[in-house]
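These are the residues of each chain, in order.
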Amino acid sequence: MNYGGVVPVIEPGNIDELCLATKIPHLCASAAISADNAWVACGSPGEEIVRRLNDDGTVGSNSSVTIWRMSDVAKLATLVEGASESEAGVSRIALSTNNKWLAAVGDGLWVWTTTDWKLVYMNRQIGQPRDVAFSFGNDSLHIVTAESHWSTAELVTLSTTDWSPIQRRQLSTEGTVARLYPHFSLLIDFDPFFVGGPPRARLINLQTGELIREVPQGSRRCAMALDTSGSLLAVPDDGQLIISSVSDNHPVHYLRFSREYGVWSLTFSPDSRLLAAGVFSIEGSHADAGPVDRGCLLWDVQWGAMLRHVELPSDSLLFSPDGSRLMGSRWWQGSASIWQIGAR
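How each quantity is defined
- Residues numbered from 1 in each chain as written.
- Predicted model: local features only at pLDDT ≥ 70, side-chain atom pairs only at ≥ 80, totals over all residues.
- Heavy atoms only, no water.
- Helix = DSSP H or I, 4+ residues; strand = E, 2+ residues; numbered from the N terminus.
- Buried < 20%, exposed > 50% of the residue type's maximum accessible area, 1.4 Å probe, protein only.
- Contact = heavy atoms within 4.5 Å.
- Areas by Shrake-Rupley, 256 points an atom, 1.4 Å probe, with all protein chains shown as cover.
- Phe/Tyr/Trp six-rings, centres within 6.5 Å; stacked < 30°, edge-to-face > 60°.
- Pairing = 2+ DSSP bridges.
- Axes fitted to C-alpha atoms, helices over the stretch in contact; angles between N-to-C directions.
- Salt bridge = Lys/Arg side-chain N within 4 Å of Asp/Glu carboxyl O.
- Core = buried A, V, L, I, M, F, W, Y, C linked by side-chain atoms within 4.5 Å.
- pLDDT = per-residue confidence, 0-100.

Per the secondary structure count, the chain includes two helices and 29 strands. For the chain, the proportion of its 344 residues judged to be buried stands at 54%. If you take every contact in the chain between residues at least 6 apart in sequence, the share linking residues at least 24 apart comes to 46%. Accessible surface, the chain: about 14800 Å² in total, of which carbon and sulfur atoms supply 49%.

Here is the structure:
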């Protein structure tokens, strides 16, 4: 069988096919795939990056969200209402589980309906949003905002009925990156450049404000992931990924790979059966060129076995809601690639 850019590591196991489905010609800082895999929303990285890199044929305007049809890569819409005049870009995109609303944050918050791409809510006074997520029941929208270097941070919850605030909760943190999950957990990465000491991260229950775990990291770049149920946590640690139980901190798997690689993105499939890791190396690269993208490593979570090494851009990885697509992108270079995963 010809896998193209895919190098089999072990027998396919429960993955029958994995092939390149489409490429999206977009400088993509954030993305969301529709529940029926009909379209993908791509958020642009910001004015300065677009101005420097747009000459390679990719598209993306300042703080806009572009909707692409998956079947023929046709542009369906460019959502520019209320777009930022700064260089912030669109840092996060969230799609409600009922496929009804699309939310984006940059230097403000925007929400559109997916039936006609009508702007239904915009807030440019919400602070500096770092992440956004809809609740499982789609009755609320959660936004984490923070000032520069996280001197102060806040969780804002809006009702999706009329987009009015339900609650605002102050967060005590010095983290630099937030990851919101619909089950009210928040991953906050700590950047040692700003706060001192070794890399570490915190897992916080946003319903109670309780600190669930503080995780030391040996990786050269912080990247963590929670599965959809909120019961498994994946953390890189010097040439391996540690998957552990959130409830008791008990390790479930140690997934080993080359110690020459760092990990800059991690994501579980919606059914928690697959884990994708975007890896990089600095070997052979020039000092001013930064890390070299080494693609995506795909694991079977149940057996702890590596299934594939996929050659796709992997600074940011995203599974489709049904788990049948895996999207990879680099926000500073080239187009986004979407791979189709066969029967499992």
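Attention now moves to the packing of aromatic side chains. With the rule as written, the count across this model stands at six aromatic pairs. Of the aromatic side chains, those joined through ring pairs into one cluster are Trp101, Tyr121, Phe134 and Trp163.

Moving on to the sheet that holds strand E3 (residues 30–33). What the four strands build is an open sheet, ordered E3-E4-E5-E6; its pairing is antiparallel. Every interior strand has two partners, whereas the edge strands, E3 and strand E6 (75–79), have only one. Going across the sheet, the axis of each strand differs from the next one's by a mean of 15 degrees, ignoring polarity. In this sheet, E6 lies alongside strand E5 (residues 65–69) in antiparallel orientation, the contact comprising four bridges. Each bridged residue has a counterpart across the sheet, and for Ile67 the counterpart in E6 is Ala77.

For Trp117, which is not a glycine, the phi torsion comes out positive at approximately 60 degrees. The residue Trp117 is located in the loop between strand E9 (109–113) and strand E10 (119–123) in this model. A relative accessible area of 15% means that Trp117 is categorised as buried. Phi is positive for Ser272, close to 65 degrees, though the residue is something other than glycine. Checked against the element boundaries, Ser272 lands in the loop between strand E23 (262–268) and strand E24 (274–281).

Okay, the sheet that holds strand E13 (residues 153–159) next. Within the open sheet, the four strands sit side by side as E11-E12-E13-E14. Their pairing is antiparallel. Only two strands of the sheet have a single partner each, and these edge strands are strand E11 (129–134) and strand E14 (165–171). Taken over all neighbouring pairs, the strand axes of this sheet differ in orientation by 15 degrees on average, direction set aside. Alignment of E13 against E14, held across six bridges, turns out to be antiparallel. Bridge pairing in E14 places Thr157 opposite Gln167.

The subject of this paragraph is the pattern of salt bridges. Taken as a whole and assessed by the stated rule, the structure comprises four salt bridges. A salt bridge links Arg124 to Asp107; the nearest nitrogen and oxygen atoms lie 3.7 Å apart. In this pair, Arg124 sits in the loop between E10 and E11 while Asp107 sits in the loop between strand E8 (101–105) and E9, placing the two residues 17 residues apart along the sequence. A relative accessible area of 34% means that Arg124 is categorised as partly exposed. Among the salt bridges present, the one from Arg168 reaches Glu154, with a minimum N-O distance of 3.1 Å. Taken together, the positions of Arg168 in strand E14 and Glu154 in strand E13 put the pair 14 residues apart, joining distant regions of the chain. Residue classification places Glu154 among the buried positions, given a relative accessible area of 15%.

Grouped together as the largest cluster of nonpolar side chains are 28 residues, with contacts concentrated most on Leu233, Leu241, Val263, Leu266, Leu275 and Trp299. If you list the elements that add at least two residues to this core, you get strand E17 (200–205), strand E19 (225–226), strand E20 (232–236), strand E21 (240–245), E23, E24 and strand E25 (292–300).

Here Ala133 lies in strand E11. According to the relative accessible area criterion, Ala133 is buried, its value standing at 7%. The spacing of Ala133 and Thr157 is 24 residues in sequence and 9.8 Å in space, taken between C-alpha atoms. Every residue in contact with Ala133, bar those within four places of it in the chain, is listed here: Ala94, Ser140, Leu141, His142 and Leu180.

Burial analysis of E23 places seven of its seven residues in the buried class, the great majority of the element. One ladder, built from six bridges, connects E23 with E24; its direction is antiparallel. Directly across from Val263, in E24, lies its bridge partner Val279. Hairpin connection of E23 to E24: five residues between the antiparallel strands, including Ser272 at a positive phi of 65 degrees.

Turning to the confidence of the model for the chain, a few remarks are in order. With 72% of its residues at a pLDDT of 70 or more, the chain has an overall mean of 76. Throughout residues 52–61 the model reports pLDDT below 50, and contacts reaching past four residues in sequence, or to other chains, amount to 24 contacts. The low-confidence segment residues 81–86 (pLDDT under 50) makes 23 contacts with residues lying over four places distant or belonging to another chain.

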